[in-house]
Amino acid sequence: MCKMKKFLICLFIFIITGIGSAFLGVPGNATYVVGGVCAFLYLIFSRKNSKSTTSRGSTVNSRRSLSSSIQPAKHTDYFDERNIPSYWAKARVCADGDHDAITVSRGNATHCYKCGLPFLGKWGDRGVFDGYFCQIHQKWIPRGSYCAQCKNEGYIN
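Since we're looking at a predicted model, the values are computed, not measured.

## Overview of the packing of aromatic side chains
Under the criterion given, the structure shown has 6 aromatic pairs. Each ring, one from Phe14 and one from Tyr32, has its centre 6.4 Å from the other, and the planes form 20 degrees; the classification is stacked. Pair noted here: Phe14 is in helix α1 (residues 3-23) and Tyr32 is in helix α2 (residues 30-54), with a separation of 18 residues, a long-range link. Ring plane angle 40 degrees and centroid distance 6.1 Å describe the contact between Tyr78 and Tyr146, whose orientation is recorded as tilted. Highlighted residues: Tyr78 in the loop between α3 (62-70) and β1 (88-94) and Tyr146 in the loop between β4 (139-142) and α4 (148-152), separated in sequence by 68 residues. Residue Tyr78 is classed as buried on the basis of its relative accessible area of 5%. Since its relative accessible area comes to 37%, Tyr146 is described here as partly exposed.

So this is what it looks like as structure tokens:
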């Protein structure tokens, strides 16, 4: 924890407990003692927590292990094109054509290469029918989603 942050927390505890003890009837200068004792106890317990994580046998720095356990899991936004891996190609699905399976065409395609039916609008206008194609696993990926095999194999987070 940052020293400045810890100082501000101690100051806050000192003031609140001092004021609170005055309302409870603690006389004059004793309110400072109560606030100081509470702030000191906070320092002791906050230090004890950071030491207890290292005493469990881990050799990792206590600050690093505490901060990594507090951070939320990272969620990648795959609607943002900056997060799309280079081996995912823009693709358009033809679900309207007269062919037996879903056919994937390049993202800049204006017509399905199998049946010749036109794709209306620009890439991304058609919602679930415009997305990506994983060139490693040969899988269709709807926009905003990800290739499960890429995630399992560690290609993406």
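## Side note on the sheet that holds β4
Two strands in a sheet stick together by hydrogen bonds in their backbones, pointing the same way (parallel) or opposite ways (antiparallel). Strand order in the open sheet made by the 4 strands is β2-β1-β3-β4, with antiparallel pairing throughout. Looking at strand neighbours, the two that pair on one side only are β2 (103-106) and β4, the edges of this open sheet. Mean inter-strand twist for the sheet, computed between neighbouring axes without regard to direction, equals 45 degrees. With 4 bridges connecting them, strand β3 (residues 130-134) and β4 associate as antiparallel partners. When the sheet's bridge partners are listed, Tyr132 is paired in β4 with Ile141.

## So, the pattern of salt bridges
Taken as a whole and judged by the stated rule, the model has 3 salt bridges. Between Lys90 and Glu81 there is a salt bridge, and its shortest N-O distance comes to 3.6 Å. Accessibility expressed as a relative area gives 37% for Lys90, which makes it partly exposed. With relative accessibility at 45%, the residue Glu81 sits in the partly exposed group. With its nearest N and O atoms 3.1 Å apart, the salt bridge here joins Asp130 to Arg92. Of this pair, Asp130 sits in strand β3 while Arg92 sits in strand β1, placing them 38 residues apart in sequence. Across the pair, exposure class does not vary: Asp130 and Arg92 are buried alike.

## Observations regarding the side chain of Arg92
By relative accessible area, Arg92 is classed as buried at 2%. A distance of 3.2 Å separates a polar side-chain atom of Arg92 from the backbone oxygen of Ala109.

Calculation criteria
Residues numbered from 1 in each chain as written. Predicted model: local features only at pLDDT ≥ 70, side-chain atom pairs only at ≥ 80, totals over all residues. Heavy atoms only, no water. Phe/Tyr/Trp six-rings, centres within 6.5 Å; stacked < 30°, edge-to-face > 60°. Helix = DSSP H or I, 4+ residues; strand = E, 2+ residues; numbered from the N terminus. Buried < 20%, exposed > 50% of the residue type's maximum accessible area, 1.4 Å probe, protein only. Pairing = 2+ DSSP bridges. Axes fitted to C-alpha atoms, helices over the stretch in contact; angles between N-to-C directions. Salt bridge = Lys/Arg side-chain N within 4 Å of Asp/Glu carboxyl O. Polar contact = N/O pair within 3.5 Å; in protein donor to acceptor, adjacent residues only side chain to side chain.

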